[in-house]
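# Secondary and tertiary structure notes
Next come the chains, spelled out residue by residue.
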Amino acid sequence: MLTVSYPHIEKKEGEAARLQRLPRIRVAQIVMDYLTYGWSVEEICRQHPYLNPAEAHAAMAYYFDHQEEIDRAIAQEWQQVQADRAQAPQSPFYTRMKAKGVL
């Protein structure tokens, strides 16, 4: 079995793949910009100047080799956000605007 190494990416058992230099940044976060906005690696780096091109390319390479895993993580995160949003109380501003028919 061939073992593939991804420079700049760290993947611990049971955890999300992350950047080695910036462990708070998950590969899925970088991929979301690619999927949502259609950004190239160069554009991702322009929008997030703390990323260097090698890290962004490594994240995308990891994604294309582990697409099902990353897509599943993104879907789970999206479902959690929607569930949290549904349970959160509406802000007073939202309530007033809704009552006025603005929203």
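Since the structure is predicted, the reported quantities are computational estimates derived from the model, not experimental observations. (Residues numbered from 1 in each chain as written. Predicted model: local features only at pLDDT ≥ 70, side-chain atom pairs only at ≥ 80, totals over all residues. Heavy atoms only, no water.)

The phi torsion at H8 lies on the positive side, around 80 degrees, for a residue other than glycine. Tracing the backbone shows H8 in the segment before strand 1 (9–10). (Helix = DSSP H or I, 4+ residues; strand = E, 2+ residues; numbered from the N terminus.)

Our next topic: the environment of Y34. The residue Y34 is located in helix 1 (residues 27–37) in this model. Overall, Y34 belongs to the partly exposed group, its relative accessible area being 31%. Along the primary structure Y34 and M60 are separated by 26 residues, whereas in three dimensions their C-alpha atoms are 8.7 Å apart. Leave out the neighbours within four places in its chain, and Y34 touches W39, I44, M60, Y63 and F64. (Buried < 20%, exposed > 50% of the residue type's maximum accessible area, 1.4 Å probe, protein only. Contact = heavy atoms within 4.5 Å.)

Secondary-structure assignment places D33 in helix 1. Of the buried charged residues, D33 lacks a salt bridge, with R26 as the closest side chain of opposite charge at 11 Å. Reaching out from D33, the side chain makes a polar contact with the side chain of H48 at a distance of 2.5 Å. Contact partners of D33, with chain neighbours within four places excluded, come to G38, W39, I44 and H48. (Lys, Arg positive; Asp, Glu negative; His and termini not counted. Salt bridge = Lys/Arg side-chain N within 4 Å of Asp/Glu carboxyl O. Polar contact = N/O pair within 3.5 Å; in protein donor to acceptor, adjacent residues only side chain to side chain.)

Membership of the largest hydrophobic core comes to 22 residues, with the highest contact counts inside it found for I9, V27, I30, V31, Y62 and I70. Elements that contribute at least two residues to this core include exactly helix 1, helix 2 (41–47), helix 3 (53–65) and helix 4 (67–87). Ranked by residues supplied to this core, first place goes to helix 3 with six residues. (Core = buried A, V, L, I, M, F, W, Y, C linked by side-chain atoms within 4.5 Å.)

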